[in-house]
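# Fold and geometry: a report
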Amino acid sequence: GEPAQTPAPWRVGRIVSATSRGQDTLVPVEDGSLLAGGGAADNDTYTIVLDFPMESIAGLRLDALPDASLPRGGPGRVEHGNFALSNIAVTASPIPTDAAEGEPPRAVPIDRARADYSQPGLDVTAAFDADPTSAWAVDPHVGTAHVAVFDFAEPVRHPGGTRLTVQLDFRTNVRHAIGRPRLTAAIASGLAALPVTADGDPVDRHRADSARVTELLAKTDRSAGDNAELHHLHARFDQAWLAADAHVSVLDRDRPRPETTTALVAGDGLKPIPHHADDRGYPHAYPETHFLKRGDVRQRDGIATAGFLQVLSRAPEGDARWQEGAEGSAGRRAALARWITDTEAGAGALAARVMVNRLWQHHFGNGLVDTPSDFGAQSTGPSHPELLEWLAGELVRGSWRIKPIERLIVTSATYRQACSGDARGMESDPRNRLLSRYPRRRLDAESIRDTLLSISGVLDPALGGRAGGDDTSPRRSIYLDVKRSRLSPFLRTFDAPDRVTGLAQRPITTTAPQALLLMNSQAVRSWAERFAERVAAAPFRFGAEPLDEQTTSIVTAYARALGRPPTGGELADALEFLDTQSAKYVADGREDGRATALADLCQVLLGLNETLHIE
């Protein structure tokens, strides 16, 4: 007979065929569902073909129904009654007639989905994502009916009715197929779907979840899993959280994707990449290290075993504490990492102090210990020993993460001091060893270049990729190519290292070539011209009284370069400079005299000590 009809607007279709890839049986039931039988294959795919005498279909409803023949009543076929729908795919075509075979089926994209309940971490949206290992599941709510609604991106329209072919994949877990599925279609009215039944929306999450929330809140010994489930249930109805989550998803979707390339990986347990030095004793080719006579790799003289500095090794069991070789490798790098970060019996306590001292040096010019590569008996003692110990402890307690320590330093009152100290501080701490004021210092080479790019409005903040070796590139200096035989002239002039030898602390010099570069470099000149264009295009407005165009340009340039307006003397000097330069260019017959004079002023600001120093 005809299948039973569900209340409008959902319609049960006529089942044309229903097959199981696992050779299980799918027997039609009077209510339009299919009851699975047989041995329950480990992984299965149901292919169900249905005809709907409807001109337009807006979406599909999947009911996972319980049945006495299923384990624990279902709705899944596994022993505990759960299921895991890995993927749902829908194709549509007109219902074929005797006169014509009909059009070939076309894929129907699914726009969104919702369910009456989703197991934490296994949401219904996972049933149509690109991940074949994700799925929709309902544990622990087994033994009862569940429903999911899948809205189509656009309504499917065929005047004579629609044939839907629905493929349900169950490949995430073993024997996790739905035991009694039923598929119904939603009528589309115009361009708007009506995904509700006459007696209400079939997916009433509030009603379905309320009992579970009450159950979890009543527990006095909630586990971490219970708390995670409560968070999951609450988040779906917290509009502020949903909006924030959607915003984060958009940012994650649009974030820059760095270019990837295959490179040599020197790591334990990883498949080695062929290397040109493999036949000359490269560790992957020769996992054992040998003593060599006269340094000749062909004259081995016994195996050199790995070990650690005895002065920094206090483990009763000796080196075995850290030497746990990874499968497929010697494990030497991992052992070294474990020893370096072992604060109880290894080098961890010293490594933490050295690391935070380097961070302090980066922000203040000098570390708490003046000799960053020498913490031995002949080094200078720390200026603030308790602070050094506390920062080292914070680094270890924070799982050796660098950014929290950086945040601690730059938000401290010490870092936020002014450079101008009082007379008492100058007298008691003339070298500023006790940090009675912030130490005025010049930016490092990379920061100077990035600062000039930022002020001029040229800086490209994109992450990843390569910038080439040209100083005029708009990319940050960290992305410039480094070729030791042809280093960046700009960076070298401002004391950037040669990348050949390690450097504990960069020198900070004041030389004539630095001033000449800022005055004569084509790169700096191009940035000054872009700076002038930026000033002219977006002038700042200060106060209620309007300023003339030239004064506005000067005030805007000072604000963008130095973060402050010019003083009275600076403004007078700048006005005189612009007048003099403009008159000179006009006398030379140049039509862009005023614009060029503004670029000259901008170049002067880019070269000021106040621009290039931290104060």
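Look a little higher up for the structure.
All of these numbers come straight from a predicted model, not from anything done at the bench.

## A closer look at the overall build of the protein
Along the backbone of the protein there are 16 helices and 17 strands. Going through the 615 residues of the protein one by one, you find that 39% of them count as buried. Look at the contacts in the protein between residues 6 or more apart in sequence, and 62% of them connect residues 24 or more apart. Working note: accessible area of the protein is about 34,400 Å², and carbon and sulfur atoms make up 53% of it.

## Focus: the sheet that holds strand β5 (residues 44-52)
Each strand in a sheet pairs with its neighbour through backbone hydrogen bonds, running either in the same direction (parallel) or in the opposite one (antiparallel). Read across the sheet, five strands follow the order β2-β5-β11-β7-β8 without closing on themselves; strand pairing throughout is antiparallel. At either end of the open sheet lies a strand with only one pairing partner, and these are β2 (14-20) and β8 (106-107). Bridge count for β2 against β5 is six bridges, and the pairing is antiparallel. Within β5, the residue paired with Ala-18 across the bridge is Ile-48.

## Concerning the pairing of strand β7 (residues 87-94)
Here β7 pairs with strand β11 (residues 162-170) via eight bridges, running antiparallel. If you follow Ser-93 over to β11, its bridge partner there is Arg-163. Of the pairings in the sheet, the one linking β7 to β8 comprises two bridges and is antiparallel in character. Across the sheet, Thr-91 pairs through a bridge with Ala-107, a residue of β8.

## Some thoughts on the packing of aromatic side chains
Evaluation of the coordinates by the stated rule reveals ten aromatic pairs. Taken together, a centroid distance of 5.0 Å and an interplanar angle of 80° make the contact between Phe-83 and Trp-136 edge-to-face. One end of the pair, Phe-83, is in the loop between β6 (56-64) and β7; the other, Trp-136, is in the loop between β9 (110-115) and β10 (146-157), with 53 residues separating them in the sequence. Across the pair, exposure class does not vary: Phe-83 and Trp-136 are buried alike. Taken together, a centroid distance of 5.9 Å and an interplanar angle of 65° make the contact between Phe-490 and Trp-527 edge-to-face. Pair noted here: Phe-490 is in helix α10 (residues 489-493) and Trp-527 is in helix α12 (residues 522-537), with a separation of 37 residues, a long-range link.

Definitions and cut-offs
- Residues numbered from 1 in each chain as written.
- Predicted model: local features only at pLDDT ≥ 70, side-chain atom pairs only at ≥ 80, totals over all residues.
- Heavy atoms only, no water.
- Helix = DSSP H or I, 4+ residues; strand = E, 2+ residues; numbered from the N terminus.
- Buried < 20%, exposed > 50% of the residue type's maximum accessible area, 1.4 Å probe, protein only.
- Contact = heavy atoms within 4.5 Å.
- Areas by Shrake-Rupley, 256 points an atom, 1.4 Å probe, with all protein chains shown as cover.
- Pairing = 2+ DSSP bridges.
- Phe/Tyr/Trp six-rings, centres within 6.5 Å; stacked < 30°, edge-to-face > 60°.

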